[in-house]
Amino acid sequence: MPRLSEVIAALETLWPAERAESWDAVGTVAGDPDQQVTRVLFAVDPVQEIVDEAVKLGAGLLVTHHPLYLRGTTTVAATHFKGRVVHTLIKNDIALHVAHTNADTADPGVSDALAGALDLRVTGPLVPDPTDPGGRRGLGRLCALDHPVTVREFAARAAERLPATAQGIRVAGDPEALVRTVAVSGGSGDSLFDQVRAAGVDAFLTADLRHHPASEAVAQSPLALLDAAHWATEWPWCELAASQLDEISDRHGWDLRVHVSKTVTDPWTAHAASPPSDPLGAPN
């Protein structure tokens with residue numbers, strides 16, 4: 001059985017902390033480097049529900065995409081929900097390790113996993129990492145489809161293949177336009193519109209698109225937008241990351257038991273569809 005420090009060292013080769021954005025909070029949040037690890041759980045969010053799942057599973061390490069304390073803290077008192085997470089982790093000898101923006105830009109990374117879930121062929125990064133001489137790392141991915149589909153059909157594919165959420169897939173643009181090339185970015189992507197337009201793709205699939213950036217994007221070009229739930233666009237990375245750790249475990253003879261949480265931690269829990277639109281327009 002490996003020690004936590006050995007497993008963390010292996011994870012750092014996949015997602016080096018120095019490749020995270022300066023504002024990010026990645027790396028090991030809790031855990032004794034000398035403790036032995038037999039089970040690992042991957043998840044998107046380090047919330048209480050996921051930590052309780054790790055306890056029930058008997059995991060010694062929880063790896064999440066999102067940080068627990070992105071903006072820092074002055075207390076881990078259990079009177080606060082994040083403090084309760086820390087207390088639960090420590091009481092049950094569970095370490096927490098975070099790979100966030102360093103996993104976004106990795107090769108393979110979060111957007112590779114998203115493209116794979118949608119059966120897209122990756123042709124390169126949307127925003128290349130200038131420190132990568134191979135030109136494979138970077139934020140987002142440019143992709144191609146094996147054969148053209150309509151925006152409507154591509155949205156249906158995304159709804160079917162990404163984890164189900166209350167939001168589903170929102171679409172902006174002509175539903176009958178043909179899609180041959182796509183840009184994808186797991187997580188919030190409306191800061192990337194300039195790069196997406198420069199790439200000349202037919203569609204952009206991401207999450208957390210806001211009204212004004214989306215409105216301006218479709219006004220400037222025929223670009224189709226597909227807005228999925230943030231959690232759903234990042235969950236496929238958990239399966240990719242688990243398979244990477246499985247391969248490392250096999251290579252080292254660690255015999256780790258690696259699991260992926262299927263618990264939906266998207267904060268939106270219900271969706272009420274609007275009735276058919278009134279031809280006279282919005283109500284006063």
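Above this note sits the structure.
About the criteria used
Residues numbered from 1 in each chain as written. Predicted model: local features only at pLDDT ≥ 70, side-chain atom pairs only at ≥ 80, totals over all residues. Heavy atoms only, no water. Salt bridge = Lys/Arg side-chain N within 4 Å of Asp/Glu carboxyl O. Helix = DSSP H or I, 4+ residues; strand = E, 2+ residues; numbered from the N terminus. Buried < 20%, exposed > 50% of the residue type's maximum accessible area, 1.4 Å probe, protein only. 1 Å grid on protein atoms, 1.4 Å probe; cavity = no way out; pocket = protein on both sides within 12 Å on 5 of 7 lines; lining within 4 Å. Points joined across faces, edges and corners; volume = space filled by probe spheres on them. Nonpolar A, V, L, I, M, F, W, Y, C, P; charged D, E, K, R; others polar. Core = buried A, V, L, I, M, F, W, Y, C linked by side-chain atoms within 4.5 Å. Pairing = 2+ DSSP bridges. Axes fitted to C-alpha atoms, helices over the stretch in contact; angles between N-to-C directions. Contact = heavy atoms within 4.5 Å. Phe/Tyr/Trp six-rings, centres within 6.5 Å; stacked < 30°, edge-to-face > 60°. Parallel < 35°, antiparallel > 145°, perpendicular 65-115°, else oblique.

**Q** Hey, could you run me through the pattern of salt bridges in this one?
**A** Between side chains of opposite charge, a pair can form when the charged atoms approach closely. Counted according to the given criterion, the structure contains 13 salt bridges. A salt bridge links Arg3 to Asp34, with the nearest nitrogen and oxygen atoms 3.2 Å apart. In this pair, Arg3 is assigned in the segment before α1 (4-14) and Asp34 in the loop between β1 (27-30) and β2 (39-43), connecting sequence segments 31 residues apart. The partly exposed category is assigned to Arg3, whose relative accessible area is 36%. Two residues, Asp107 and Arg136, come together in a salt bridge whose shortest N-O distance is 2.8 Å. Of the two residues, Asp107 is situated in the loop between α4 (101-104) and α5 (110-117) and Arg136 in the loop between β5 (121-128) and β6 (138-150); the sequence distance between them amounts to 29 residues. Accessibility expressed as a relative area gives 34% for Asp107, which makes it partly exposed. On the basis of relative accessibility, which here comes to 53%, the residue Arg136 falls in the exposed class.

**Q** I tried to follow the layout of surface pockets on my own but got confused; where do I start?
**A** Gaps between atoms show up when a probe of the same size as a water molecule is rolled over them. Roughly 600 Å³ of volume is contained in the largest pocket. Surrounding the largest pocket, 27 residues form its lining, Trp23, His66, Leu70, His100 and His230 being those nearest its centre. Taken together, the residues of the lining of the largest pocket sort by class into 10 nonpolar, 11 polar and 6 charged. Taken as a whole, the second largest pocket encloses approximately 370 Å³ of empty space. Lining of the second largest pocket is provided by 18 residues; of these, His230, Trp231, Asp266, Pro267 and Trp268 occupy positions nearest its centre. Put simply, the parts of the chain that give the lining of the second largest pocket at least two residues each are β10 (224-228) and α9 (230-252). Split by residue class, the lining of the second largest pocket holds 8 nonpolar, 4 polar and 6 charged.

**Q** Can you help me understand the nonpolar core in this one?
**A** Among soluble globular proteins, nonpolar side chains are generally buried collectively. Trp15, Phe42, Leu61 and Trp237 are the most contacted members of the largest nonpolar core, which totals 55 residues. When residues in this core are grouped by element, the largest group, 10 residues, is from α9. Formed by 14 residues, the second largest nonpolar core is a distinct cluster that contains Val51, Leu62, Leu68 and Leu96.

**Q** Any chance you could explain the environment of Val26 here in plain terms?
**A** For Val26, the location among the structural elements is in the loop between α1 and β1. On the accessibility criterion, Val26 (24% relative accessible area) is partly exposed.

**Q** How should the sheet that holds β5 be read in this particular structure?
**A** By definition, the strands of a sheet pair up through backbone hydrogen bonds, in either a parallel or an antiparallel sense. Spatially, 6 strands are ordered β5-β6-β8-β9-β10-β7 in an open sheet, and the strand pairing comes out mixed. With partners counted over all chains shown, the strands left at the sheet margins are β5 and β7 (170-172), one partner each. With strand direction ignored, the average angle separating the axes of adjacent strands in the sheet is 25°. Contacts from α9 reach β8 (178-188), β9 (203-207) and β10 within the one sheet, and its direction differs from that of β8 by about 90°.

**Q** Would you mind showing me how to read the packing of aromatic side chains here?
**A** To describe a pair of aromatic rings, one takes the distance between the centres and the angle between the planes. Under the defined criterion, the tally for this structure stands at 3 aromatic pairs. Ring centres of Phe42 and Trp237 lie 6.3 Å apart, and the angle between their planes is 80°; this geometry places the pair in the edge-to-face category. In this pair, Phe42 sits in strand β2 while Trp237 sits in helix α9, placing the two residues 195 residues apart along the sequence. In this structure, Phe42 and Trp237 share a single accessibility class: buried. In this structure an aromatic cluster arises from ring pairing among Trp15, Phe42 and Trp237.

**Q** Looking at this structure, how should I read the environment of Leu70?
**A** Tracing the chain through its elements places Leu70 in the loop between β3 (61-64) and α3 (81-91). A relative accessible area of 28% means that Leu70 is categorised as partly exposed. Measuring from C-alpha to C-alpha, the distance between Leu70 and Trp23 comes to 8.1 Å, with 47 residues separating the pair along the chain.

**Q** Would you mind going over the sheet that holds β2 with me for this structure?
**A** Pairing within the open sheet is mixed, and its 5 strands lie in the order β1-β4-β3-β2-β11. Pairing within the sheet leaves two strands with one partner each, and these edge strands are β1 and β11 (257-260). Taken over all neighbouring pairs, the strand axes of this sheet differ in orientation by 25° on average, direction set aside. Examined bridge by bridge, β3 and strand β4 (residues 95-98) share 4 bridges and lie parallel to one another. Counterpart to Leu62 in the pairing with β4 is Leu96.

**Q** I'm lost on the packing of α5 against α9 in this one. Help?
**A** When two helices pack together, their arrangement is given by the angle between the helix axes and the distance between those axes. Closest axis-to-axis distance for the α5/α9 pair is 7 Å, and the angle between their directions is 100°. Relative to α9, α5 is oriented roughly perpendicular. Together, Val110, Ala113, Leu114 and Ala117 of α5 and Thr233, Glu234, Pro236, Trp237 and Leu240 of α9 make up the contact between the two elements. Tallied by class, residues from the contact of α5 with α9 come to 7 nonpolar, 1 polar and 1 charged.

The values are spatial; any link to function lies outside them.
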